[in-house]
Amino acid sequence: MAERPQGYGFTAEVSEKINSKHDPELERQALDWIAHFVPDGGLSDGRSAHEKLKDGVVLCKLINKLQPNSVRKINETKMAFKQMENIGNFLDAVYKFGVAKNDMFQTVDLYEGVNMPQVITGIHSLGRKAGTKGFKGLGPKESAKNERSFTEEQRRAGDGLIGLQMGSNKGANQSGQNFGKTRAIID
């Protein structure tokens, strides 16, 4: 793993802001939810979430429980590029499962532990999506799309109306308005 200096200036500010978003309760909920599907994942020991998920094996097993054969080969070796390949395979499978890309994390966020709050947020997003597909969900229920269709007659019915937020035009005229200095017109 590449050693990163602690940083100063802008780097330190960004790191501090990311770390301030860490919520131990959300992390515990995410790990408990994963343990429900992957009980043999070793999530109950005292290691940090980063250490438990870093190799990507548990995450690959999780997505294979939710959508069988999503990740065909799970690399159990300790080589860095194989572990990052596991994480990448998990992310690809999650996108196919239906989770939006902007809800998930990047491989480096988990592997190097630079943005663990985003990793936890991504697991919660997967949990919400799993809840919509009949599995035990995580967090609040995901909203459903509510598309509506109107006839042409219904659309035209509102053309002549002024919405209440715009006020009323009843009795409106400009008599009596004299804001500012009046304009003197001299012939």
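Residues numbered from 1 in each chain as written. Predicted model: local features only at pLDDT ≥ 70, side-chain atom pairs only at ≥ 80, totals over all residues. Heavy atoms only, no water.

K.L.:
What exactly am I supposed to notice about the packing of helix 4 (residues 57-66) against helix 7 (residues 116-132) here?
P.N.:
A pair of packed helices can be characterised by two numbers: the angle between their axes and the separation between those axes. Orientation of helix 4 relative to helix 7, taken along the N-to-C sense of each, is 15 degrees, at an axis distance of 12 Å. By the criterion of interaxial angle, the relationship of helix 4 to helix 7 is roughly parallel. For helix 4 against helix 7, the interelement crossing comes out left-handed. Mapping the contact onto sequence places Leu59, Leu62, Ile63 and Leu66 in helix 4 and Ile123, Leu126 and Ala130 in helix 7. In terms of residue class, the contact of helix 4 with helix 7 is made up of seven nonpolar, no polar and no charged. (Axes fitted to C-alpha atoms, helices over the stretch in contact; angles between N-to-C directions. Helix = DSSP H or I, 4+ residues; strand = E, 2+ residues; numbered from the N terminus. Parallel < 35°, antiparallel > 145°, perpendicular 65-115°, else oblique. Left-handed = near helix turned anticlockwise from the far one by under 90°. Contact = heavy atoms within 4.5 Å. Nonpolar A, V, L, I, M, F, W, Y, C, P; charged D, E, K, R; others polar.)

K.L.:
Any chance you could explain the packing of aromatic side chains here in plain terms?
P.N.:
Each pair of aromatic rings is reported with the distance of its centres and the angle of its planes. On inspection of all chains with the given rule, the structure shows three aromatic pairs. Centroid distance Trp33 to Phe37: 5.2 Å. Interplanar angle 70 degrees. Geometry classified as edge-to-face. Separated by four residues within a single helix, Trp33 and Phe37 lie in helix 2 (residues 24-37), roughly one turn from each other. The residues Trp33 and Phe37 share a single accessibility class, namely buried. Measuring from centroid to centroid gives 6.3 Å for Phe90 and Phe105, while their planes differ by 25 degrees, and the two rings are stacked. In this pair, Phe90 sits in helix 5 (residues 80-97) while Phe105 sits in the loop between helix 5 and helix 6 (107-111), placing the two residues 15 residues apart along the sequence. We note that Phe90, like Phe105, is buried. Through pairs of rings, three or more aromatic residues link up here, namely Trp33, Phe37 and Phe135. Above the face of the Tyr111 ring, Lys54 is positioned so that its terminal group lies 4.8 Å from the ring centre. When the ring centre of Phe97 is taken as origin, the NZ or CZ atom of Lys133, which lies over that ring, is 4.3 Å away. (Phe/Tyr/Trp six-rings, centres within 6.5 Å; stacked < 30°, edge-to-face > 60°. Buried < 20%, exposed > 50% of the residue type's maximum accessible area, 1.4 Å probe, protein only. Lys NZ or Arg CZ within 6 Å of the ring centre and 35° of its normal.)

K.L.:
Just to check I follow, could you spell out the pattern of salt bridges for this structure?
P.N.:
When charged atoms on two side chains of opposite charge get close, those side chains can pair. As enumerated under the stated definition, the model contains six salt bridges in all. One salt bridge in this structure joins Glu25 and Arg28, with 2.4 Å as the shortest N-O distance. Taken together, the residues span about one helical turn, with Glu25 and Arg28 both in helix 2 at a distance of three residues. Note on Glu25: relative accessible area 37%, which makes it partly exposed. By relative accessible area, Arg28 is classed as partly exposed at 42%. A salt bridge links Lys145 to Glu147; the nearest nitrogen and oxygen atoms lie 3.3 Å apart. The exposed category is assigned to Lys145, whose relative accessible area is 73%. (Salt bridge = Lys/Arg side-chain N within 4 Å of Asp/Glu carboxyl O.)

K.L.:
Help me understand helix 5, please; the structure alone is not making it clear to me.
P.N.:
The periodicity of an α-helix, 3.6 residues per turn, causes residues three or four places apart in sequence to face the same way. For helix 5, spanning 18 residues, the distance from its first C-alpha to its last is 26 Å, which sits close to the expected 26 Å at 1.5 Å a residue. Within the sequence span of helix 5, burial applies to Gln83, Asn86, Ile87, Gly88, Phe90, Leu91, Ala93, Val94 and Phe97. Of the surrounding elements, those touching the buried residues of helix 5 are helix 4, helix 6 and helix 7. After helix 5 finishes, the residue Gly98 shows a positive phi value of roughly 120 degrees. (Expected span 1.5 Å × (residues − 1).)

K.L.:
Just to check I follow, could you spell out unusual backbone geometry for this structure?
P.N.:
Here the phi dihedral of Asn69 falls at roughly 65 degrees; this positive angle occurs in a residue that is not glycine. Summarising the element assignment, Asn69 is placed in the loop between helix 4 and helix 5. Here Asn69 falls in the exposed class, since its relative accessible area comes to 58%.

K.L.:
For this particular structure, what's the right way to read the nonpolar core?
P.N.:
Proteins that are soluble and globular tend to have nonpolar side chains buried together. Trp33, Phe90 and Leu126 are the most contacted members of the largest nonpolar core, which totals 34 residues. Only helix 2, helix 3 (49-53), helix 4, helix 5, helix 6 and helix 7 provide two or more residues apiece to this core. Setting aside chain neighbours within four positions, we find Trp33 in contact with Leu62, Leu66, Ile123, Leu126, Gly127, Ala130, Lys136, Gly137 and Leu138. (Core = buried A, V, L, I, M, F, W, Y, C linked by side-chain atoms within 4.5 Å.)

K.L.:
I keep staring at the environment of Ala100 and nothing clicks. Help me out?
P.N.:
In this structure, Ala100 sits in the loop between helix 5 and helix 6. A residue is classified by how much of its surface remains accessible, and Ala100, at 35% relative accessible area, is partly exposed. Separated by 26 residues in the primary sequence, Ala100 and Leu126 have C-alpha atoms spaced 9.3 Å apart.

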